[in-house]
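Here is what each chain is made of, one letter per residue.
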Amino acid sequence: MTRKPVFSRVVVAAGLTLGWQATAWAQTIGYAPDLQTPVPTLSEWGMIALSILMAAVAIQTARKGGSRILSAFLAVGAISAGMGVEQTMVKTAQATPLEQMSIGSGGTVDLSGYPTGMEVPVQGHPTIPMRIISVSPSSDTTVQSPRCTVGLAVPAGGLCYYRVPGLG
């Protein structure tokens, strides 16, 4: 009779231990479509065209003997608008696996199985901006930004980063 209680206690302890480990390994990010209204912006080519137009107006104003202050403001505006455009010809390659928010109506990204401390890039839906609604467990501090946190709006095709937390 003494064996049965000892055996059942061992089975219960093992089950609780395995249950705790299974929940510690479960890592998910919940997401849903971002329902906020997008703000219209210019593409990089639109910014380049605008800066060329502003530079042409600045040159024309300076040639006609107009206000030097106005032409200086237009020239500075054209330069700053042109410099604000990001023109990177070579993009950095991602050597780590890439998880994706692939369901347009929302869902979860399962990050189970990645080793502790690994920084996993999570890509947003290709055409729909997504908002992160849950992160379980919370991500450790990431090297790259933005970090996948609750409330983060991931633009269409954009990335956020999740660092697998340690078990301690």
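What counts and how
- Residues numbered from 1 in each chain as written.
- Predicted model: local features only at pLDDT ≥ 70, side-chain atom pairs only at ≥ 80, totals over all residues.
- Heavy atoms only, no water.
- Pairing = 2+ DSSP bridges.
- Helix = DSSP H or I, 4+ residues; strand = E, 2+ residues; numbered from the N terminus.
- Patch = residues over 30% accessible without salt bridge, like charges linked within 9 Å, V, L, I, M, F, W, Y side chains within 5 Å.
- Areas by Shrake-Rupley, 256 points an atom, 1.4 Å probe, with all protein chains shown as cover.
- Salt bridge = Lys/Arg side-chain N within 4 Å of Asp/Glu carboxyl O.
- Buried < 20%, exposed > 50% of the residue type's maximum accessible area, 1.4 Å probe, protein only.

A. Region of the structure containing the sheet that holds strand S2 (residues 99-100). The 3 strands lie next to each other as S2-S4-S7, forming an open sheet whose pairing is mixed. Edge positions in the sheet fall to S2 and strand S7 (159-163), since each has one partner strand and no second. Relative to strand S4 (residues 119-123), S2 runs parallel, the two being bridged by 2 bridges. Residue pairing in the sheet places glutamine 100 in a bridge with glutamine 123 of S4.

B. Looking closely at unusual backbone geometry. That bond from serine 136 to proline 137 is cis: its omega, -15°, falls within 30 degrees of zero. Looking at the secondary structure, you find proline 137 in the loop between strand S5 (130-136) and strand S6 (153-154).

C. Representation of a nonpolar patch on the surface. A grouping of Leu42, Leu50, Leu53 and Val57 is seen on the molecular surface, where their side chains present a nonpolar patch of about 330 Å² in accessible area. Tracing the backbone through its elements, the reader meets leucine 50 in helix H2 (residues 44-63).

D. Main features of the pairing of S7. In terms of residue burial, S7 counts as a mostly covered element, since 4 of its 5 residues are buried. Where S4 and S7 come together, 5 bridges link them in antiparallel fashion. Note that in S7 the partner of glutamine 123 across the bridge is leucine 159.

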